[in-house]
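# Fold and contact review
Here is what each chain is made of, one letter per residue.
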Amino acid sequence: RGLSPQDFFGLDPNSGGRGGVERGTGSGFVIGADGVILTNAHVVEGADTTVNVTLRDGRSFTGRVLGADKVTDVAVVKIDATDVPVVTIGNSDKLLSGEWAIAIGNPLGLDNSVTAGIISATGRSSRDVGVPDKRVGFIQTDAAINPGNSGGPLLNASGQVIGMNTAIIQGAQGLGFAIPIKTAQLVAQELVSTGKVEHAYLGIEMATLTPDVKQQINSNNNSSLRVTVDRGVAIISVVPTSPASASGLRAGDVIQKINNQPIIQSEAVQEFVQNARVGGLLQMEINRNGQI
């Protein structure tokens, strides 16, 4: 449904053509004067090629789904309109905890809902948020986000979009998460250009080393893995025929540097991989059985 201010809109996925219609609702916002719209991939999931788009001023359009990326939960929709208001984009790289945050959307079917709160944290890993299959460092906010807010904008106090609301932890109260707008824009550019997004990957299962994690690894009688260092990211397993396997990485190795930058947490490894291009190189320093 329509949202306030008029830059934001509602989505009704319509998957006609498969013997019926699959309906759901979500939110979104216009990022291009030519009618390019950002929303969540899960909002348009089930829609064959089109969604119904309703603007705040009551106009309705049939939107074409240009592409959706499940890995980041970003989708792009295009409507044939040139006289639509476009959002102002903010800088999601410079967010600080405690800043004001405003969420706009269509929660629970309640049109034009605005909630306010603060930025609670930045860089929350997908594992922290409970969606380990995603590759996003999420913005956490206590602005109320409910089903139907998905795909809608998170704004700063100046009205600039800093994120796209996406995730709710089941059973949580006062916790919502948004994809940083910089990440969403980069994904959107690839979706508009090619209709899909290629993601670099290593092919490892990993864990941030802590005293407890080190003890668990070294005391596991069912595994031959042993680590001798206290800090870094331990490789728990390597996927066969993966880039990691082809490069000679082994279970039990501890990643200590990537591109000469110290690595302490697994989120840092994920960030390096996310920012790498497919076919590119990462220089990695590991500790293997006490040797660099």
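Note that this is a predicted model, so its numbers are computed, not measured.

## Notes on the overall build of the protein chain
- A tally of helices and strands in the protein chain yields 6 helices and 17 strands.
- Out of the 292 residues belonging to the protein chain, those deemed buried represent 43%.
- Of the contacts formed within the protein chain by residues at least 6 apart in sequence, a portion of 61% connects residues at least 24 apart.
- In the structure as shown, the protein chain presents an accessible area of about 14,500 Å², 47% of it carried by carbon and sulfur atoms.
- Across the protein chain, the centroid of the 22 positively charged side chains sits 5 Å from that of the 26 negatively charged ones.

## Brief notes about the pairing of strand β4 (residues 50–55)
- Pairing geometry for β4 and strand β5 (residues 60–69), over 5 bridges, is antiparallel. Directly across from N52, in β5, lies its bridge partner T62.
- In this structure, the hairpin formed by β4 and β5 is closed by a connection of 4 residues, where G58 is found at a positive phi of approximately 95 degrees.

## Some words on the packing of aromatic side chains
- One pass over the structure, following the stated rule, counts 1 aromatic pair.
- Here the aromatic rings of F138 and F177 are separated by 6.4 Å at their centres, their planes lie at 75 degrees, and the arrangement is edge-to-face. Taken together, the residues span a long stretch of sequence, with F138 in strand β9 (residues 138–141) and F177 in strand β12 (residues 176–180) at a distance of 39 residues. F177 matches F138 in its accessibility class, with the two residues each being buried.

## Re the pattern of salt bridges
- Applying the stated criterion to the full structure yields 6 salt bridges.
- In the salt-bridge network here, residues are joined through shared partners; they are D57, R59 and D83.

## Considerations on the nonpolar core
- Grouped together as the largest cluster of nonpolar side chains are 22 residues, with contacts concentrated most on F29, L38, V74, M164, I179 and A184.
- Listed by contribution, the elements that provide at least two residues to this core are β3 (36–39), β6 (74–78), β11 (161–167), β12 and α3 (181–194).
- With 5 residues, the single largest contributor to this core is α3.
- Residues V30, V53, F61 and A81 belong to the second largest nonpolar core, which totals 14 residues.

## Focus on the confidence of the model for the protein chain
- On average, the protein chain scores 86 in pLDDT, and the residues at 70 or more come to 91%.
- Across residues 1–8, confidence stays below pLDDT 50; counting only partners more than four residues off in sequence or on other chains, it has 43 contacts.
- Scored below 50 in pLDDT, residues 15–22 makes 15 contacts in the model with residues more than four places away or belonging to other chains.

## Here we look at helix α6 (residues 266–275)
- Listed in full, the buried residues belonging to α6 are S266, V269, Q270 and V273. Take α6 and look down its axis: the buried residues cluster within an arc of 100 degrees, on one side only.
- Here the buried face of α6 lies against α2 (126–129), β13 (204–208), β14 (233–238) and β15 (254–258).

## Observations regarding the pairing of β12
- Extensive coverage of β12 is indicated by the burial of 5 of its 5 residues.
- Direction of pairing for β9 relative to β12: antiparallel, over a ladder of 3 bridges. Each bridged residue has a counterpart across the sheet, and for T141 the counterpart in β12 is G176.
- Note that β11 and β12 share 4 bridges and pair antiparallel. Directly across from G163, in β12, lies its bridge partner P180.

Parameters and conventions
Residues numbered from 1 in each chain as written. Predicted model: local features only at pLDDT ≥ 70, side-chain atom pairs only at ≥ 80, totals over all residues. Heavy atoms only, no water. Helix = DSSP H or I, 4+ residues; strand = E, 2+ residues; numbered from the N terminus. Buried < 20%, exposed > 50% of the residue type's maximum accessible area, 1.4 Å probe, protein only. Contact = heavy atoms within 4.5 Å. Areas by Shrake-Rupley, 256 points an atom, 1.4 Å probe, with all protein chains shown as cover. Lys, Arg positive; Asp, Glu negative; His and termini not counted. Charge placed at Lys NZ, Arg CZ, Asp CG, Glu CD. Pairing = 2+ DSSP bridges. Phe/Tyr/Trp six-rings, centres within 6.5 Å; stacked < 30°, edge-to-face > 60°. Salt bridge = Lys/Arg side-chain N within 4 Å of Asp/Glu carboxyl O. Core = buried A, V, L, I, M, F, W, Y, C linked by side-chain atoms within 4.5 Å. pLDDT = per-residue confidence, 0-100. Arc of directions from axis to C-beta.

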